[in-house]
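Inside the fold
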Amino acid sequence: MEVLDLLKKEFQFEWRSKNAVQGLLLYTLSIGFILYSSFLFQEHLINAAVWSALFWISLLFSAMSAVVKSFLGDRGNTDSYYYQITSAHHLLFAKTFYNILLLVVLFLLSMVIFSVLFGSVIADTGLFATLGILTCAALGGALTLLASIAAKVRNSHLIMAVLGFPVTVSIILMAVSGTRNCIDGLGLDALWRELLVLGAINAISLAVSFLLFPYIWRS
Amino acid sequence: MSSFLKKFWWKYLCVALLTYTTVAGLLVSVPRLAIVNETIRALYFHVPMWFGMVAMFGFSIYYSIQYLRKQDSLSDFMAAEFANTGLLLGILGILTGMLWANYTWGSPWHGDPKQNGAAIALLVYLAYFVLRGSLDNIEQRARLSAVYNIFAFAAMIPLIFVIPRLQDSMHPGSGGNPGFNVYDLDSRMRLVFYPAVIGWILLGVWVAGLQVRARQIKQHLEDV
């Protein structure tokens, strides 16, 4: 129940200062357009491998910017207020779930942008959506914990990128190779290994965040 | 003297093992194999770096967990210095590997899954030190870096232990390439390889221990 209340609070805060979400949408749109412009009149170079690499790298950058702010807004006295009224685990679950939803929205938006600019190349939409949701969950889980570390440091955005890229490499590798299979329409047989590894990454990062977050939160 | 020997026997063992593996690794005869030829001796000098690195990072994780449980500065120093020593061994492993790859694969960097995994492991520990450097509060630096150390290690499990097994590697022993298990029937190479692994791990523990003592002295001088 408390998790739902905290989740509601996240939505309300986001709704009240819409500029953060607007900025994020514009960021995603700009990345898509920069990529499109760089390949202008060279569209024949974009094969399955290039498409999936571009797609997930652009989503990774948007995800970094989306998640890094999730603990920055709570700076100052609100921190100690939450500390008194709620437990660390409830807060972590609310933040993680909210970030995952945000990343799924960004994923759908990137999907639309890429389909318009680069043509819709995905042969198996249902599997691609499954892959996308699992990847967003893995990214959201890992980046939320890192954002809570980065929020304690002066150059939060820089530290977030430095800490986040090596940790998210395995997620992005799985997403990219899975997307190549979705473009080629090879079906579930070619994709189950990627889905399994992503599921395992989700389980590991959620379990480890659950154990470690109280230590970050205590300060 | 006997108590001295009892306490520091492992340092003598380390010197003896590394002297033995350096001499035997260069002189003892090795199986003849196409392409690999004499570079097979890299097994004695390159592969122990990775065993040493993984052991150092393992000790570092252990002390990070200890720090979160006990909140003492010694555990924090241990975690940081074992990570430092692991990083040094990892860099040496990459360099010796690149030297070897230059002669057997034709170029120093081949995008082999094991090469990429190693490079990313080093990135994680470089990020660990960037994080430590950017936190001024000693207690906060120890706690947050311990959390990152544990989390990053957990996140690397699929990268190092799962994904390389899904892809083919050009390293001897995987992807259809003969490894030393396949051709080394008389186990000659093991007689040099295992002592080398133990020797390098002992040397890593020794280096990290000296660094920790240097840190303690430095902290003591600052406190005075």
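Owing to the predicted nature of the structure, the values given are computational and were not obtained by experimental measurement.

**Some details on the overall build of chain A**
- Within chain A one finds 8 helices and 0 strands.
- Helices (α) and strands (β) of chain A occur, in sequence order from the N terminus, as α-α-α-α-α-α-α-α.
- Reported as C-alpha extents along the three principal axes, the dimensions of chain A are approximately 55 × 35 × 30 Å.
- Counting only residues that meet the buried cut, chain A has 43% of its 219 residues in that class.
- Long-range pairs, those at least 24 residues apart, make up 86% of the contacts in chain A between residues at least 6 apart in sequence.

**Details of the overall build of chain B**
- Check the secondary structure of chain B and you find 8 helices and 0 strands.
- Each helix and strand of chain B, placed in order from N terminus to C terminus, yields the pattern α-α-α-α-α-α-α-α.
- With the C-alpha coordinates aligned to their principal axes, the bounding extent of chain B is approximately 60 × 50 × 25 Å.
- In chain B, which comprises 224 residues, the share counted as buried stands at 35%.
- Partitioning the intrachain contacts of chain B with sequence separation of at least 6 by distance along the chain shows that 74% fall at a separation of at least 24.

**Considering the packing of helix H5 (residues 88–118) of chain A against helix H6 (residues 125–150) of chain A**
All names here are of chain A.
- Two elements in contact, H5 and H6, have axes whose closest approach is 8 Å; the angle formed by their N-to-C orientations is 135°. For the element pair H5 / H6, the angle class is oblique. Between H5 and H6 lies a crossing whose hand is right-handed. Residues Lys95, Thr96, Asn99, Ile100, Leu103, Val104 and Phe107 of H5 pack against Gly132, Ile133, Cys136, Ala137, Leu139, Gly140, Gly141, Leu143 and Thr144 of H6.
- The residue makeup of the contact of H5 with H6, split by class, is 9 nonpolar, 6 polar and 1 charged.

**A look at the interface of chain A and chain B**
- With 26 residues of chain A in contact, the opposing surface of chain B contributes 25 residues.
- Where the side of chain A that touches chain B is concerned, the elements lending two or more residues are H6, helix H7 (156–184) and helix H8 (188–217) of chain A.
- In terms of residues, the side of chain A that touches chain B owes the most to one element, H8(A), which gives 10 residues.

**Here we look at the environment of Ala94(A)**
Residues and elements named next belong to chain A.
- Considering the arrangement of structural elements, one finds alanine 94 in helix H5.
- For alanine 94, a count of 20 C-beta atoms within 10 Å puts it in the buried group.
- A C-alpha to C-alpha distance of 8.8 Å links alanine 94 and glutamate 2, two positions 92 residues apart in sequence.

**Here we look at the environment of Leu221(B)**
- For Leu221(B), the position within the fold is in helix H8 (residues 188–223).
- In this structure, the C-alpha to C-alpha distance between Leu221(B) and Phe161(B), residues 60 residues apart in sequence, is 43 Å.

**Let's talk about the nonpolar core**
- Counting 113 residues, the largest nonpolar core has Ala63(A), Leu146(A), Ala150(A), Leu163(A) and Phe151(B) as its most contacted members.
- Considering every element that reaches this core, the biggest residue donor is H6(A), with 15 residues.
- Leave out the neighbours within four places in its chain, and Phe151(B) touches Leu145(A), Val208(A) and Leu212(A).

**Some remarks on the environment of Gly187(A)**
- Note that Gly187(A) resides in the loop between H7 and H8.
- Residues Gly187(A) and Gly126(A), spaced 61 residues apart in sequence, show a C-alpha to C-alpha distance of 10.0 Å.

**Remarks on the packing of helix H1 (residues 2–16) of chain A against H5(A)**
Residue and element names in this part refer to chain A.
- Across the interface, H1 lies against H5 with an axial gap of 9 Å and an inter-helix angle of 50°. With respect to their mutual orientation, H1 and H5 come out oblique. Every pair of crossing elements has a handedness; the one defined by H1 and H5 is right-handed. Across the interface between the two elements, Glu2, Val3, Leu6, Leu7 and Glu10 from H1 touch His90, Leu91, Phe93, Ala94, Phe97 and Tyr98 from H5.
- Of the residues that constitute the contact of H1 with H5, the class distribution is 8 nonpolar, 1 polar and 2 charged.

**Comments concerning the confidence of the model for chain B**
- Of the residues in chain B, 91% have a pLDDT of 70 or more, and the chain-wide mean is 85.
- Within chain B, the element-level pLDDT minimum falls on helix H7 (residues 180–183) of chain B, averaging 52, and the maximum on helix H3 (residues 47–70) of chain B, averaging 93.

**Let's talk about unusual backbone geometry**
- For Phe41(A), which is not a glycine, the phi torsion comes out positive at approximately 65°.
- The topology assignment puts Phe41(A) in the loop between helix H2 (19–38) and helix H3 (48–68).
- For Phe41(A), a count of 5 C-beta atoms within 10 Å translates into the label exposed.
- Phi at Gln71(B) is positive, roughly 55°, even though this residue is not glycine.
- Mapped onto the elements, Gln71(B) comes out in the loop between H3 and helix H4 (73–104).
- Judged by the 14 C-beta atoms lying within 10 Å of it, Gln71(B) is partly exposed.

The rules behind the values
- Residues numbered from 1 in each chain as written.
- Chains lettered and ligands numbered in written order.
- Predicted model: local features only at pLDDT ≥ 70, side-chain atom pairs only at ≥ 80, totals over all residues.
- Helix = DSSP H or I, 4+ residues; strand = E, 2+ residues; numbered from the N terminus.
- Buried ≥ 20, exposed ≤ 12 C-beta atoms within 10 Å, placed from the backbone.
- Contact = placed C-beta atoms within 7 Å.
- Axes fitted to C-alpha atoms, helices over the stretch in contact; angles between N-to-C directions.
- Parallel < 35°, antiparallel > 145°, perpendicular 65-115°, else oblique.
- Left-handed = near helix turned anticlockwise from the far one by under 90°.
- Nonpolar A, V, L, I, M, F, W, Y, C, P; charged D, E, K, R; others polar.
- Core = buried A, V, L, I, M, F, W, Y, C linked by C-beta atoms within 7 Å.
- pLDDT = per-residue confidence, 0-100.

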